[in-house]
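Observations on chain architecture
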Amino acid sequence: MNESRKLFVKSFGCQMNVYDSRRMADTLAPQGYVETPAADDADLVILNTCHIREKAAEKVYSELGRVRRLKEAAAAEGRRIVIAVAGCVAQAEGEEIIRRAPTVDLVFGPQSYHRLPQLLAGAERGDKPVDTEFPLDDKFDHLAAPSTAAVRARGVSAFVTVQEGCDKFCTFCVVPYTRGAEVSRPVDKILAEVAQLASAGVREITLLGQNVNAYHGDGLNGRPSSLAQLLEHVSAIDGVERLRYTTSHPRDMDGHLIAAHGALPKLMPQLHLPVQSGSDRVLAAMKRRHTCADYLAIVSRLRAARPDLALTSDFIVGFPGETEADFAQTLSLVGEVGFSGAFSFKYSPRPGTPGADLPDQVDEETKSERLHRLQTAIDQSQAEFNRSCLGRTFEVLFEKPGRYTSQLVGRSPYLQPVQVTAPAAMIGEIAAVTITEVASNSLFGTLARAPAREPSLAGAGA
Ligand code: SAM
Ligand code: SF4
């Protein structure tokens, strides 16, 4: 039996990093590692990093300064803290991290998580291992499954990575370099993972991939399966009540997947479909390989399949060469689609990507000013969508306690957080809620009828 040690994992960036952090914790559990919410009493600190924008990457170094002070304080008490840097900054910068921050004991990229126990043994010997290989074997085959207790502690909604990496090479993006080529997991492995989560009480599954709708994993019949086929299989699993998938590329929204939004009742009416810009000139320079009209055509086909579909998106402002006229087209697209929300970013030149070397880089002041105008337009669109929910009744999945006693927070089918007065025993249940108030980005509602007695998470699988 291994002696118990404490693990603190901090995730930066996307949902895939959150999923990876959990799988790292699962892989270290048999070594006696138990997760702690505080870095100062940990024996092992893992920073699971993001390299997508410069700001995200720089955050890691300021966090390392904080962790170094904790390590020194622990050493003064005769205790050792091992510090590991994982994720996309680790992949992109490798040895450079240890040179810049000598306090770091171990550096490993997203494809090496399954080798964590061996890497850790090296770090404990003082070897300072750096592992940024892209191995041929599938890391998912070697990662430990979570215990039922761990699944329950993580809540009723879970992520499952089904696809990783990207072959699209948009000219602004580091993902193809840090996460590698597109790889899809086989359908049978995904179904086994989802079935285990569902039997531990998970009610909502979000299938994850950097380019999730390019999914083409081995199907049950040995032939490649599309994302639409995978969704059909997952939605047949008992206990799974809600399904989502993210992030999709417009180029890979095929007819079968669009039809799935009308055909699969468990597939929630919300889709994150990044467009980045409303200007065809900028889209071409970004190498997105679709036009604004293509995007609008996909949106109208999706809404024909599922009329109440809520759409969210990602935008980049200030890509090299973007003029005021290009930016005006982005604002006009926001008005035309009526997004229920969106993320928007200033273009951040990433070393090694083609965009970083383009002439006509846009100055910071212009980027900030455009970002502000875009965010105002997105906020208006989101507020309008939220207001349209007032008085409506829809099913909410209760996830956790709310801000006040006797209040729970749940998610609407459109992914909005909804605050409802309801008993804690309802966590894990899906109940009809009538929306009575909309304030900033939160919805408030009341139970529309007595909830069906479905098993709560606390009682599930017992
Ligand atoms: N695969 C998704 C797609 O094709 O849209 C996006 C994945 S990326 C992790 C998430 C978002 O980060 C992108 O949609 C984009 O808006 C933003 N992003 C990526 N690279 C960026 C950069 N260099 N500067 C600013 N934003 C960036
Ligand atoms: Fe990056 Fe997405 Fe483009 Fe791939 S498709 S390069 S992940 S933005």
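Located above this text is the structure these notes cover.
Before going into details, it helps to say that this report is about the structure given with it. In this text, all values refer to a predicted model and were calculated from it rather than measured experimentally. (Residues numbered from 1 in each chain as written. Chains lettered and ligands numbered in written order. Predicted model: local features only at pLDDT ≥ 70, side-chain atom pairs only at ≥ 80, totals over all residues. Heavy atoms only, no water.)

**Side note on the site of ligand 1**
In the neighbourhood of ligand 1, 16 residues make up the surrounding shell, with F172, Q210, Q276, D314 and S348 lying closest. Between ligand 1 and D314, the relevant distance is 2.6 Å, taken from an oxygen atom to a side-chain nitrogen or oxygen of the residue. A distance of 2.8 Å separates a nitrogen atom of ligand 1 from a polar backbone atom of S348. Contact with the protein chains hides 89% of the accessible area of ligand 1, taken as 560 Å² for the molecule alone. For the shell around ligand 1, the elements supplying multiple residues, two or more each, are β13 (310-317) and β14 (341-346). Residues belonging to the shell around ligand 1 are distributed by class as follows: 6 nonpolar, 5 polar and 5 charged. (Near = heavy atom within 4 Å. Polar contact = N/O pair within 3.5 Å; in protein donor to acceptor, adjacent residues only side chain to side chain. Areas by Shrake-Rupley, 256 points an atom, 1.4 Å probe, with all protein chains shown as cover. Helix = DSSP H or I, 4+ residues; strand = E, 2+ residues; numbered from the N terminus. Nonpolar A, V, L, I, M, F, W, Y, C, P; charged D, E, K, R; others polar.)

**Some words on the sheet that holds strand β19 (residues 442-447)**
Two orientations exist for strands paired in a sheet by backbone hydrogen bonds: parallel and antiparallel. With mixed pairing, 5 strands are arranged side by side around a closed barrel as β15-β16-β17-β19-β18. Going from strand to strand, the sheet's axes swing by 55° on average, the running direction of each strand aside. Inspection of the sheet shows strand β16 (residues 407-411) paired to strand β17 (residues 417-421) by 5 bridges, in the antiparallel sense. From the neighbouring strand, Q407 faces β17, where its bridge partner is T421. (Pairing = 2+ DSSP bridges. Axes fitted to C-alpha atoms, helices over the stretch in contact; angles between N-to-C directions.)

**Re the packing of helix α8 (residues 187-199) against helix α9 (residues 227-235)**
Relative orientation of the contacting elements α8 and α9 amounts to 35°, with a least axis distance of 10 Å. Regarding α8 and α9, the two cross each other, and that crossing is right-handed. Of the residues in α9, those in contact with V187, I190, L191 and V194 of α8 are L230, H233 and V234. Taken together, the residues that form the contact of α8 with α9 break down as 6 nonpolar, 1 polar and no charged. (Left-handed = near helix turned anticlockwise from the far one by under 90°. Contact = heavy atoms within 4.5 Å.)

**Description of the side chain of N213**
Checked against the element boundaries, N213 lands in the loop between β10 (204-208) and α9. Among the polar contacts made by the side chain of N213, one reaches the main-chain carbonyl oxygen of H249 at a distance of 2.9 Å. Within the local environment of N213, its side chain forms a polar contact with the backbone oxygen of D252, the two atoms lying 3.3 Å apart. Setting aside residues up to four positions removed in sequence, N213 forms contacts with L227, T247, S248, H249, D252, M253 and L257.

**Quick word on empty space enclosed by the protein**
Applying the stated rule across the entire model yields 1 cavity of 30 Å³ or more. Volume-wise, the largest cavity comes out at about 170 Å³. Lining the largest cavity are 16 residues; nearest its centre among them are R22, R154, A158, F159 and L197. Elements represented by at least two residues in the lining of the largest cavity include exactly α1 (15-28), α6 (148-154), β7 (157-161) and α8. (1 Å grid on protein atoms, 1.4 Å probe; cavity = no way out; pocket = protein on both sides within 12 Å on 5 of 7 lines; lining within 4 Å. Points joined across faces, edges and corners; volume = space filled by probe spheres on them.)

**Remarks on the site of ligand 2**
Around ligand 2 lies a shell formed by C166, K168, F169, C170, F172, C173, V175, P176, N211, H249 and R288. Considering only residue class, the shell around ligand 2 consists of 7 nonpolar, 2 polar and 2 charged.

**Examining the packing of aromatic side chains**
Applying the stated criterion across every chain yields a total of 7 aromatic pairs. Ring centres of F108 and Y113 lie 5.7 Å apart, and the angle between their planes is 90°; this geometry places the pair in the edge-to-face category. For the residue pair F108 and Y113, the accessibility class agrees, reading buried in each case. Taking 5.6 Å as the distance between ring centres and 80° as the angle between the ring planes, the aromatic pair formed by F394 and Y414 counts as edge-to-face. Taken as a pair, F394 in strand β15 (residues 393-401) and Y414 in the loop between β16 and β17 lie far apart in primary sequence, 20 residues in all. Given the relative accessible area of 6%, F394 is considered buried. Through successive ring pairs, a cluster of aromatic residues spans F172, F319 and Y347. Stacked on the ring of F345, the Lys or Arg R53 has its end atom at 3.6 Å from the ring centre. (Phe/Tyr/Trp six-rings, centres within 6.5 Å; stacked < 30°, edge-to-face > 60°. Buried < 20%, exposed > 50% of the residue type's maximum accessible area, 1.4 Å probe, protein only. Lys NZ or Arg CZ within 6 Å of the ring centre and 35° of its normal.)

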